[in-house]
Structures are given as structure tokens and as C-alpha cells.
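# Examination of the molecular architecture
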Amino acid sequence: RVMRDLTGISTLESRLKSEMGIARVVVVPGDSDVSPWVKNELGNACATSMKHRLSSDNIIAVTGGTTMAAVAETLTPEFGEKNLLFVPARGGLGEDVNNQANTVCAIMADKTNSRHRVFYVPDQVSSEIYESFIKEPLIYEVLGLIKSASMVLHGIGDAITMAERRSTSPEDMEKIIRRNAVGEAFGYYFNEAGEIVHKVLTIGLQLDDLTEVDTIIAVAGGASKAKAIRAYMKQAPRSTILITDEGAAKNLVQGF
Ligand code: BG6
């Protein structure tokens, strides 16, 4: 505690919490853009928050990304003493396999001796595919589990980084740039005012579904993500817990 106060981390946490109007902010020391090990610290902090929030039965919906992959590595068998089922929050095929929500869920289940379900649907689908996919019994069943999640763990990305990482069409790319998107979460792109300026048609959790979720933990760090985090938090449910790092936090407070 004393160490944290000396370094000003507690002050950062309470300032960010009140400026963003969310439930809780946890800041870990360092900047994950500069020091890769800081991502492990984000993972540890997320695991601690999860532990406090687990009930006896939990359906945990998880997005993909390198940050969520780091969270997965920090989970231990102790978590599995509670009943846990990990499900991908959305379709994720299209991203690098290591970053896919399916992979992250499989690792989380493995580390905690728990169960997981796979959701093999593309990250972006056409409306025709969307309509026919959701009629598939297996997809429909997993979709039901996703929609009844009691906990959601998700990443937040810089808009352009995410658009480039996904196979975004030139038209959508142009739209994302023209409408000044700065942040991305759950396939939604946000401008600095927190308005949705583009949305990937995806099967799975939608932003509106979050209002039904008891515990939402967003994990994102690195100075380069400050704008993205600020933008998304304008839309985020007030119950959101943000786990971030000093690099992002210091940039974030400058903007308030
Ligand atoms: C993706 C999610 O898998 O990870 C995005 O679909 C999120 O919503 C992104 O923004 C974050 O990735 P990373 O690697 O920066 O943690």
C-alpha cells in the first residue's frame, strides 16, 4: 500500500475511477508497450479481481487478444474449485490462432481444470451467413451460453491496430479512418466522444448484452491504448472494472 501510494498509483486509480464513472480501476506499474512483462502483471491483477467476483456457478465469456492470452496464463487450479465454464464472447476466426477467443478459453479451462466450449464462427460475417448460422443448433446452443454469461473478460484495442489485424475490407477501413475511430471493443469501433462509428457484424455478445452481466472486467494497457480506453469507457456499463497499467493511466489522466 505505502509503496503504491509513494508511486502515486492509488491516486491514479481513484482519479480514473471518478473521471470515467466506472466501478473500479486497478493500475499496475509499468507500460506494457515498453516492457512486455507488464502484460503478465495485468493478467495477475485480472485474476485477483476475478477471484473476488466468482460465485458457485460461473459462465465466463472471454474475447481474444494478446492481453486475454496473458490473463489465461495466470489462472491456477484453485479457480476451478468453483464451477467455471469458459465460452468465447464472439466468433473469432480470422485472428491469429494464438489470439483467438477459442484458444484463450481452452487455455483458461486447462489452467483451472474447468470446462470450455468452442465457437468456430468467423469474426466478421455477411448478413446472409449470420442469418443461417444462428439457426445451426450447435451455434444456437453456444450463443445461449454466451448470452447468459455471469462474467465477461475483454480486451480493448486501438482502432487502426485492430482494423489492420483483422482482415478489414478497404471500404470499412476507409470508413473507420474517415469517422476518426480511436478505440475498439467487441467488434465495435468508437470515436473520441465514445460514439459507435463502425461495427463488425459478428455472432456472439453484443454491446447491449453487457447490461445483463454481473461482472465485466476490461483489461488493456500501454500508453498507445489510452485514447482507445477513454473512448470505450464512455460507452461501457458503469459496473465495469478496468485493469490497466501506468503507461495508459498517465496518458489517460492528461486527457481529463
Ligand atoms: C481482440 C478482441 O481479440 O483483442 C478485440 O476481439 C480487442 O475486441 C483486442 O480490442 C485486444 O487485443 P490485444 O492484443 O491488444 O490485447
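Data block above holds the structure.
Cut-offs and rules
- Numbers given for residues are sequential positions, taken from 1 along each chain in its written order.
- Residue-level local features of this predicted model are given only where pLDDT is at least 70; pairs of side-chain atoms are given and counted only at 80 or more, and the full residue set underlies all totals for whole chains, interfaces and linings.
- Hydrogen atoms and water are omitted, and side-chain values are computed over all heavy atoms in the structure.
- Elements are defined by DSSP. Helices are runs of H or I of four residues or more, strands are runs of E of two residues or more, and each kind is numbered from the N terminus.
- Contacts are assigned to residue pairs that have any heavy atoms within 4.5 Å of one another.
- Each patch is built from residues that are more than 30% exposed by relative accessible area and take part in no salt bridge. Like charges join if they lie within 9 Å; nonpolar side chains (Val, Leu, Ile, Met, Phe, Trp, Tyr) join within 5 Å.
- Surface exposure here means Shrake-Rupley accessible area, sampled with a 1.4 Å probe, where a residue is shielded only by the protein chains that are shown.
- By definition here, a salt bridge exists when the distance from a side-chain nitrogen of Lys or Arg to a carboxyl oxygen of Asp or Glu is within 4 Å.
- Think of it in three bands: with a 1.4 Å probe and only protein chains considered, a residue is buried below 20% of the maximum accessible area for its type, exposed above 50%, and partly exposed in between.
- Following DSSP output, two strands are said to pair if at least two bridges run between them.

### Observations concerning the environment of Met20
- Structurally, Met20 can be placed in helix H2 (residues 9-20).
- Sequence-distant contacts of Met20, defined by excluding residues within four places in its chain, comprise Val25, Met233, Arg238, Leu242 and Phe256.

### A few points about a nonpolar patch on the surface
- Among the surface-exposed residues, Leu93, Val118 and Tyr120 lie close enough to one another that they form a single nonpolar patch of about 270 Å² accessible area.
- By the element assignment, Leu93 lies in the loop between strand E3 (83-88) and helix H5 (101-112).
- Leu93 gets classed as partly exposed once you look at its relative accessible area, which sits at 31%.

### Side note on the pairing of strand E10 (residues 215-219)
- For E10, the tally of buried residues reaches five of five residues, placing the bulk of the element in the interior.
- On E10, burial covers both faces: Thr215, Ile217 and Val219 on one face and Ile216 and Ala218 on the other are all buried.
- Pairing geometry for strand E5 (residues 151-155) and E10, over five bridges, is parallel. In the sheet register, Val152 faces E10, and the bridge partner there is Ile216.
- In this sheet, strand E11 (residues 241-245) lies alongside E10 in parallel orientation, the contact comprising three bridges. Bridging across to E11, Val219 finds its partner in Ile243.

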